[in-house]
Amino acid sequence: MIGNSWDELLKDEYKKDYFINLKNFIIKEYKTKTIYPKMSEIFNAFLKTPYDKVKVVILGQDPYHGENEAEGLSFSVKIGIKKPPSLINIFSELKSDLGIDPPNHGSLVSWANQGVLLINSTLTVVKDTPTSHSNKGWEIFTDEVIKLINKKETPVVFILWGSYARSKKYLITNKKHLVLESAHPSPLSAYRGFFGSKPFSKTNAFLIKNNLQPIDWKIKDIWLLFKYFKYLFFFTWINSFSFIMLSFSNYICWESFY
């Protein structure tokens, strides 16, 4: 279903009644409503971060419900989509913590590719209707995912932002792992303990202490290449327009001459 090491670990879940019912429900929802993320991106977090590569888990509640925002990674939005307030605050804390400037987009794919599992507890949502797919079976599935990661022999950092994510702490019992808790980065709660929590530096310090490669939290901008192409297109358009006008002017002159 996913296409990597997760499938072998989750094969028994796929056969359970709750998951079969969930699958049928989700298929019907996609046929009758606007659902985010796209069906092909539901398991994006697992595709980008195979089980054996997981070093960090950042747990969210459910996907962004705005138009084309969600890309199957918690707190991440597609390139070209305006950054949501929570993500802006995450980047602000990153700047405060490690001095890293925020990128000009909101996609966290580069984190996922390094072993940061960006997973929501609920993997789908109806457009403009937050928590609309809660209590349909996704939470049972993602709780099992957390339990599987808890069994890993290599140390993992679990970053739990907000009361909902922190409610999953009981699933993390392996003493090898590190749990970092704070308030949610939402504007409603960020000043109540999220800002100043330094999750990024603490995560890397723990990974280094355990002889693991730290995360490069810096996300590259994607606009420079576009910028150059934009200018190239602009000058090409100006030159073409000038050529057309010159040709038209010469034509008028020749017509007048005759």
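Residues numbered from 1 in each chain as written. Predicted model: local features only at pLDDT ≥ 70, side-chain atom pairs only at ≥ 80, totals over all residues. Heavy atoms only, no water.

S.K.: Got a minute to help me understand the packing of helix H1 (residues 5–15) against helix H6 (residues 138–150) in this structure?
M.R.: The packing of two helices is summarised by the inter-axis angle and the distance between the axes. Closest axis-to-axis distance for the H1/H6 pair is 11 Å, and the angle between their directions is 135°. On the basis of their axis angle, the class for H1 and H6 is oblique. Between H1 and H6 lies a crossing of right-handed hand. Across from Trp6, Leu9, Leu10, Glu13 and Tyr14 in H1, the residues of H6 making contact are Phe141, Glu144, Val145, Leu148 and Ile149. Partitioned by chemical class, the residues of the contact of H1 with H6 number eight nonpolar, no polar and two charged. (Axes fitted to C-alpha atoms, helices over the stretch in contact; angles between N-to-C directions. Helix = DSSP H or I, 4+ residues; strand = E, 2+ residues; numbered from the N terminus. Parallel < 35°, antiparallel > 145°, perpendicular 65-115°, else oblique. Left-handed = near helix turned anticlockwise from the far one by under 90°. Contact = heavy atoms within 4.5 Å. Nonpolar A, V, L, I, M, F, W, Y, C, P; charged D, E, K, R; others polar.)

S.K.: What's the story with the side chain of Glu144 in this structure? I'm lost.
M.R.: Note that Glu144 resides in helix H6. This buried residue, Glu144, is left without a salt bridge; Lys147 holds the nearest opposite charge, at 4.3 Å. If we skip the residues at most four places from it in the chain, Glu144 touches Leu10 and Glu13. (Buried < 20%, exposed > 50% of the residue type's maximum accessible area, 1.4 Å probe, protein only. Lys, Arg positive; Asp, Glu negative; His and termini not counted. Salt bridge = Lys/Arg side-chain N within 4 Å of Asp/Glu carboxyl O.)

S.K.: Explain the confidence of the model for the chain here, please?
M.R.: The predicted coordinates of low-pLDDT regions are not to be read in fine detail. Of all residues in the chain, 86% attain a pLDDT of 70 or more, and the chain-wide mean is 90. Contacts for the low-pLDDT stretch residues 243–258, under 50 throughout, to residues beyond four places or in other chains number zero contacts. (pLDDT = per-residue confidence, 0-100.)

S.K.: Help me understand the layout of surface pockets, please; the structure alone is not making it clear to me.
M.R.: Rolled over the atoms, a probe as big as a water molecule pinpoints where empty space is left. Put simply, the largest pocket is a space of about 430 Å³. The set of elements that each furnish at least two residues to the lining of the largest pocket consists of strand E2 (56–60), helix H4 (85–98) and helix H7 (162–166). With four residues, the single largest contributor to the lining of the largest pocket is H7. Considered class by class, the residues forming the lining of the largest pocket number twelve nonpolar, twelve polar and two charged. If you add up the space inside the second largest pocket, you get close to 240 Å³. Around the second largest pocket, the lining comprises 13 residues; the ones closest to its centre are Met1, Lys23, Met39, Ile42 and Phe43. In terms of residue count, helix H2 (residues 17–32) provides more of the lining of the second largest pocket than any other element does, five residues in total. Here the residues of the lining of the second largest pocket sort into eleven nonpolar, one polar and one charged. (1 Å grid on protein atoms, 1.4 Å probe; cavity = no way out; pocket = protein on both sides within 12 Å on 5 of 7 lines; lining within 4 Å. Points joined across faces, edges and corners; volume = space filled by probe spheres on them.)

S.K.: Could you clarify how one ought to interpret the sheet that holds strand E6 (residues 178–182) in this entry?
M.R.: Pairing between sheet strands relies on hydrogen bonds along the backbone, with the strands arranged either parallel or antiparallel. The parallel open sheet is built from four strands, whose spatial order is E3-E2-E5-E6. Edge strands, defined here as strands with exactly one partner in the open sheet, are strand E3 (116–120) and E6. Averaged over all adjacent pairs, the angle separating strand axes in this sheet is 20°, with direction ignored. In this fold H6 packs onto E2, E3 and strand E5 (157–161), with an angle of close to 155° to the strand it touches most, E3. (Pairing = 2+ DSSP bridges.)

S.K.: Looking at this structure, I do not really get the packing of aromatic side chains. What am I missing?
M.R.: How two aromatic rings sit relative to each other is set out by the distance from centre to centre and by the angle between their planes. Taken as a whole, this structure holds 17 aromatic pairs when the rule is applied. On the basis of an interplanar angle of 75° and a centroid distance of 6.0 Å, the ring pair of Phe43 and Trp138 is categorised as edge-to-face. Of this pair, Phe43 sits in the loop between strand E1 (35–36) and helix H3 (44–48) while Trp138 is found in helix H6, placing the two residues 95 residues apart along the sequence. For Phe43, a relative accessible area of 13% translates into the label buried. With relative accessibility at 3%, the residue Trp138 sits in the buried group. Between Tyr191 and Phe195, the ring centres sit 4.8 Å apart and the planes meet at 70°, which makes this aromatic pair edge-to-face. Here Phe195 falls in the partly exposed class, since its relative accessible area comes to 25%. Ring pairing ties together the aromatic residues Trp6, Tyr14, Tyr18, Phe19, Phe43, Phe46, Tyr51, Trp138 and Phe141, which thus form one cluster. Just above the ring of Tyr51 sits the side chain of Lys152; from NZ or CZ to the centre is 4.7 Å. (Phe/Tyr/Trp six-rings, centres within 6.5 Å; stacked < 30°, edge-to-face > 60°. Lys NZ or Arg CZ within 6 Å of the ring centre and 35° of its normal.)

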